Amino acid sequence: MRDQFPILQRTVHGGKPLVYLDNAATTQKPQVVLDALMDYYTNHNSNVHRGAHTLAAEATALYEEARDRVASFLGARSSDEIVFTRGTTESINLVAASWGQQNLQPGDVILVTEMEHHSNIVPWQLIAKQTGAAVRAVPVLDNGELDVESCLEMMSTRVRLLAVTHVSNTLGTVNPVGQLCAEARKRGIVTLVDGAQAVVHLPVSVQDIDCDFYVFSGHKLYAPTGIGVLYGRRELLNAMPPYHGGGSMIKDVSISHSTFLDAPQRFEAGTPNIAGAVGLNAAIKWFSSLDHEQLAHQEHALLQQATTGLLAIPGIQIIGTAANKVGIVSFIVDGVHAHDVGVLLDEQGVAIRTGHHCTMPLLERFNCTSTARMSVAAYNNAADVERFLTATTKATSILFS
Ligand code: PLP
């Protein structure tokens, strides 16, 4: 597995082998994805959906093959329900601007949760301001689980949309999105699930979850940056106005008026990130070929190893101890800024993330301003976690001395 990731062979800080545990920020790319990008630009590069020549047809076929791959990866009913975007952030902004502008009115409520990434809060605030709607947040319990009871109570008649993360990027908590979407549906509430952290850790079926929208970014799933996905129910997408206007999304244009294609083209104005889609296709193909039972077992073992090891280090507290967690562990060190921990780990070759992880309301709820976060991917092993624990022990002993 590790041999398939060229970057994992490199060293940092004067020959220290790299231990990469910042996977919730972005994952490294396997050789097959790098090869797919190189092959696309070397042999097939052209613009899509326009042009009669061979390369245009090949590029279009590759781009649409990627859409088909994503549709089956997410269990969508049709490839027409898959819109390519730049990433999770753009997907949520698209829904907020397009669906929100059309459907929200003064007094309406958009329900988010306290554990959302800023990209699932700020776009809703922007559209709330324009439409007179309000944003409310479902609380998080002390162990980092969502307060589901409060969520159900907060789903009043004024709530038009529930935007909830499938997996918290800071806590690792897996939310019961199927249950929440079912309850929302009973009340006529539209649902958007942020799958940025989920697709790489859990099997996802949008039909099982029964959400209206599901979004994720390619780069957290071993694919390139700059490509992401919006899944939307076909009838909802086709009822929504365009987000961006331009080429490739119109049926007909006159100076006074334009008519638009159905989804997904309606939401893909201009030349898309074709190479990104090709890379995403290769990444999903590669990821889907792995033994997921074994991967889940390995991730659970690494999570246990990291949790037990961290709790054995004096002065460390883990933020987020939900019963159902993926391999993401946030921690704070008594009286020490997380950034200092991160720098000391980096000097030992261990890459983790420190900061607010774009979840400032969540950290405020836990009375802190930053945490250190380690997060695992398919290529991490027990030796990586051991090196992380040794480096953290050394860092705390330096910081406490
Ligand atoms: N949502 C969650 C849960 C995330 O973890 C992230 C990225 O960290 C995002 C949204 C935003 O993703 P992107 O920056 O790829 O748009």
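Each value, and the rule that gives it
- Residues numbered from 1 in each chain as written.
- Predicted model: local features only at pLDDT ≥ 70, side-chain atom pairs only at ≥ 80, totals over all residues.
- Heavy atoms only, no water.
- Helix = DSSP H or I, 4+ residues; strand = E, 2+ residues; numbered from the N terminus.
- Rg over C-alpha atoms; globule rule 2.2 N^0.38 Å.
- Buried < 20%, exposed > 50% of the residue type's maximum accessible area, 1.4 Å probe, protein only.
- Contact = heavy atoms within 4.5 Å.
- Areas by Shrake-Rupley, 256 points an atom, 1.4 Å probe, with all protein chains shown as cover.
- Polar contact = N/O pair within 3.5 Å; in protein donor to acceptor, adjacent residues only side chain to side chain.
- Pairing = 2+ DSSP bridges.
- Axes fitted to C-alpha atoms, helices over the stretch in contact; angles between N-to-C directions.
- Right-handed = clockwise from strand over helix to strand, strands pointing away.
- Near = heavy atom within 4 Å.
- Nonpolar A, V, L, I, M, F, W, Y, C, P; charged D, E, K, R; others polar.
- Domains from an automatic or database assignment.
- Buried area = accessible area lost by both parts, 1.4 Å probe.
- Salt bridge = Lys/Arg side-chain N within 4 Å of Asp/Glu carboxyl O.

Let us now look at the overall build of the protein chain. On a plain count of helices and strands, the protein chain comes out with 13 helices and 17 strands. A compact globule built from 401 residues would reach a C-alpha radius of gyration of about 21 Å, and the protein chain, at 22 Å, matches this within 12%. Judged by the C-alpha coordinates and their principal axes, the protein chain covers about 70 × 55 × 35 Å. A buried classification covers 54% of the 401 residues belonging to the protein chain. For the protein chain, long-range pairs separated by at least 24 residues make up 70% of all intrachain contacts whose partners lie at least 6 apart in sequence. Summed over its atoms, the accessible surface of the protein chain is roughly 16600 Å², and 53% of this surface lies on carbon and sulfur atoms.

Okay, the side chain of threonine 27 next. Along the chain, the position of threonine 27 falls in the loop between β3 (19-20) and α1 (31-44). At 2.9 Å, the side chain of threonine 27 and the backbone oxygen of histidine 219 are in polar contact.

Another point: the sheet that holds strand β7 (residues 159-165). The 7 strands lie next to each other as β4-β10-β9-β8-β7-β5-β6, forming an open sheet whose pairing is mixed. Every other strand in the sheet has two partners, leaving β4 (82-85) and β6 (134-138) as the edge strands with one partner each. Taking each pair of neighbouring strands and ignoring which way they run, the sheet shows an average axis angle of 20 degrees. Note that strand β9 (residues 213-217) and strand β10 (residues 228-232) share 5 bridges and pair antiparallel. Bridged to phenylalanine 216 within β10 is valine 229. Together, β4, β7, β8 (190-194), β9 and β10 form the strand contacts of helix α3 (residues 88-103), whose direction differs from that of β9 by roughly 150 degrees.

Another point: the pairing of strand β5 (residues 109-113). Burial analysis of β5 places 5 of its 5 residues in the buried class, the great majority of the element. Side chains Val109, Leu111 and Thr113 of β5 all project onto a buried face; the interleaved residues Ile110 and Val112 project onto the opposite face, where all are buried too. Across 5 bridges, β5 lies against β6 in parallel orientation. If you follow leucine 111 over to β6, its bridge partner there is arginine 136. This β-α-β element, β5 to helix α4 (residues 122-131) to β6, shows right-handed connectivity. One ladder, built from 3 bridges, connects β5 with β7; its direction is parallel. The partner of leucine 111 across the bridge, within β7, is leucine 162.

A word on the site of the ligand. Around the ligand sit Thr88, Thr89, His117, Ser119, Thr165, Asn169, Asp194, Ala196, Gln197, Ser217, His219 and Lys220, and that is every residue in its neighbourhood. A distance of 3.4 Å separates an oxygen atom of the ligand from a polar side-chain atom of histidine 117. Residue glutamine 197 places a side-chain N or O atom 2.7 Å away from an oxygen atom belonging to the ligand. Calculation on the ligand without its partners gives an accessible area of 390 Å², and the protein chains cover 85% of this total. Class assignment of the residues belonging to the shell around the ligand gives a composition of 1 nonpolar, 9 polar and 2 charged.

With that out of the way, let us pick up unusual backbone geometry. Here the amide bond leading from alanine 263 into proline 264 is cis, since omega sits at 5 degrees, within 30 degrees of zero. Along the chain, proline 264 turns up in the loop between β12 (258-260) and α9 (274-288). Phi at serine 248 takes a positive value of approximately 70 degrees, unusual for a residue other than glycine. If you trace the backbone, serine 248 turns up in the loop between α8 (234-239) and β11 (250-253). Assessed through its relative accessible area of 26%, serine 248 is described here as partly exposed.

For the protein chain, the assigned domains read domain 1 (2-21 + 291-400) and domain 2 (33-288). Taking only C-alpha atoms, the centre of domain 1 and the centre of domain 2 are 29 Å apart. Counting residues at the interface gives 32 residues for domain 1, matched by 28 residues for domain 2. The contact between domain 1 and domain 2 buries some 2400 Å² in all, and 59% of this surface belongs to carbon and sulfur atoms. Where domain 1 touches domain 2, the interface holds 2 salt bridges. Between arginine 365 and glutamate 114 there is a salt bridge, with its nearest N and O atoms 3.9 Å apart. On inspection of domain 1 and its partner domain 2, the count reaches 19 residue pairs in polar contact (both at pLDDT 80 or more). For the side of domain 1 that touches domain 2, the elements supplying multiple residues, two or more each, are α10 (292-311), β14 (328-333) and α12 (360-365). For the side of domain 1 that touches domain 2, the element with the highest residue contribution is α12, accounting for 5 residues. Among the residues forming the side of domain 1 that touches domain 2, the class breakdown is 18 nonpolar, 10 polar and 4 charged.

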